[in-house]
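Here's the letter readout for the chains.
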Amino acid sequence: MDKEAARQAISDLVQKYRSLYPADLRDYNEANTKKDFIRPLFEALGWNFQGQAEVSEEHPVGSGRADYLFRIGGVSRFYLEAKSLRLDLASQPKWGTQAISYDYNKSIPWAVLTNFKEFWLFAAAEQGRRFISLTLDDYLTDLDKLWLLSKESLESGLL
């Protein structure tokens, strides 16, 4: 998917989120957040979830499981830790630590923590420094930052 097609798909996802009622948000669990928002977001960024060549779900890491592992040409690029729409990422610093530990232990430079409405990219090798922090309100205005996690950008070495 090219960048303009991604922009439209992401715009549709943002509108879908905004159309939810507060009661809907309270009832959204992690599995539905991944299915309805996070996976479509990364599909818009060009990732193929069919098979496990590019994206592996519930990937074992140490004693835990990362929600997703993203690869290019068999090389691991980043793990993604997903949380439910209803959760505030800043309320639990341990979630960032969890996402970073997956990457750090496997010498993968990047870690993502997201609940769709917030998106954090960590530089795992730099003691977990937050490299990018976006909210769904930023996805379209700062698409260049989000696009760094696209398959195309990672294949080109932009990140």
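Here, the structure is the one placed above.
Cut-off values and rules
Residues numbered from 1 in each chain as written. Predicted model: local features only at pLDDT ≥ 70, side-chain atom pairs only at ≥ 80, totals over all residues. Heavy atoms only, no water. Helix = DSSP H or I, 4+ residues; strand = E, 2+ residues; numbered from the N terminus. Buried < 20%, exposed > 50% of the residue type's maximum accessible area, 1.4 Å probe, protein only. Axes fitted to C-alpha atoms, helices over the stretch in contact; angles between N-to-C directions. Parallel < 35°, antiparallel > 145°, perpendicular 65-115°, else oblique. Left-handed = near helix turned anticlockwise from the far one by under 90°. Contact = heavy atoms within 4.5 Å. Nonpolar A, V, L, I, M, F, W, Y, C, P; charged D, E, K, R; others polar. Core = buried A, V, L, I, M, F, W, Y, C linked by side-chain atoms within 4.5 Å. Salt bridge = Lys/Arg side-chain N within 4 Å of Asp/Glu carboxyl O. Pairing = 2+ DSSP bridges.

Participant: Run through the environment of proline 93, naming residues and quoting values.
Facilitator: Examined against the element boundaries, proline 93 turns out to sit in helix H4 (residues 93–105). We classify proline 93 as exposed; its relative accessible area is 63%. The spacing of proline 93 and glycine 74 is 19 residues in sequence and 31 Å in space, taken between C-alpha atoms.

Participant: Describe unusual backbone geometry, and please don't skip the residues or the numbers.
Facilitator: At glutamate 58, a position not held by glycine, the phi torsion is positive, near 50°. Its place among the elements puts glutamate 58 in strand E1 (residues 55–61). At phenylalanine 116, a residue that is not glycine, the phi angle is positive and equals roughly 75°. Along the polypeptide, phenylalanine 116 turns up in the loop between strand E4 (110–114) and strand E5 (118–123). Overall, the relative accessible area of 0% leaves phenylalanine 116 in the buried class.

Participant: Which residues make up the packing of helix H1 (residues 3–18) against helix H3 (residues 30–44), and what values go with them?
Facilitator: With their axes 9 Å apart at the nearest point, H1 and H3 run at an angle of 165° to one another. The angle between H1 and H3 falls in the class roughly antiparallel. For the pair H1 and H3, the sense of crossing is left-handed. Residue-level inspection shows Ala6, Ala9, Ile10, Leu13, Lys16 and Tyr17 of H1 in contact with H3, the latter providing Asp36, Phe37, Pro40, Leu41 and Ala44. Residue composition of the contact of H1 with H3, by class: 9 nonpolar, no polar and 2 charged.

Participant: Describe the nonpolar core, and please don't skip the residues or the numbers.
Facilitator: Most often, soluble globular proteins keep nonpolar side chains buried together rather than apart. Phe42, Trp47, Phe116, Phe119 and Tyr139 are the most contacted members of the largest nonpolar core, which has 38 residues in total. Every element with two or more residues in this core is listed here: H1, H3, strand E2 (64–72), strand E3 (75–82), E4, E5, strand E6 (129–135) and helix H5 (143–147). Contact partners of tyrosine 139, with chain neighbours within four places excluded, come to Ile10, Val14, Leu41, Thr114, Phe116, Lys117, Glu118, Phe119, Leu134 and Leu146. With 9 residues, the next largest nonpolar core counts Ile100, Ala111, Trp120 and Phe122 among its residues.

Participant: Which residues make up the environment of aspartate 88, and what values do they have?
Facilitator: For aspartate 88, the position within the fold is in the loop between E3 and H4. Spatially, the C-alpha atoms of aspartate 88 and alanine 124 are 21 Å apart, while their sequence positions differ by 36 residues. Apart from the residues lying within four places of it in its own chain, the contact partners of aspartate 88 are Trp95 and Glu118.

Participant: Go over the pattern of salt bridges with me, naming the residues and quoting the values.
Facilitator: Scanning the model with the defined rule gives 11 salt bridges in all. With a closest N to O distance of 2.3 Å, arginine 18 and aspartate 137 form a salt bridge. One end of the pair, arginine 18, is in helix H1; the other, aspartate 137, is in the loop between E6 and H5, with 119 residues separating them in the sequence. Look at aspartate 137 and you get partly exposed, because its relative accessible area is 49%. A salt bridge links aspartate 67 to lysine 34; its shortest N-O distance comes to 3.1 Å. Separated by 33 residues along the polypeptide, aspartate 67 in strand E2 and lysine 34 in helix H3 bring together distant segments of the chain.

Participant: Let's hear about the pairing of E4: which residues, and what values?
Facilitator: Counting buried positions over the 5 residues of E4 gives 5, a clear majority of the element. Taken together, the 5 bridges between E4 and E5 define a ladder with antiparallel strand orientation. Residue pairing across strands places tryptophan 110 opposite alanine 123, the latter belonging to E5. Linking E4 to E5, which pair antiparallel, is a turn of 3 residues; within it phenylalanine 116 sits at a positive phi near 75°.

Read these as geometric descriptors, not functional statements.
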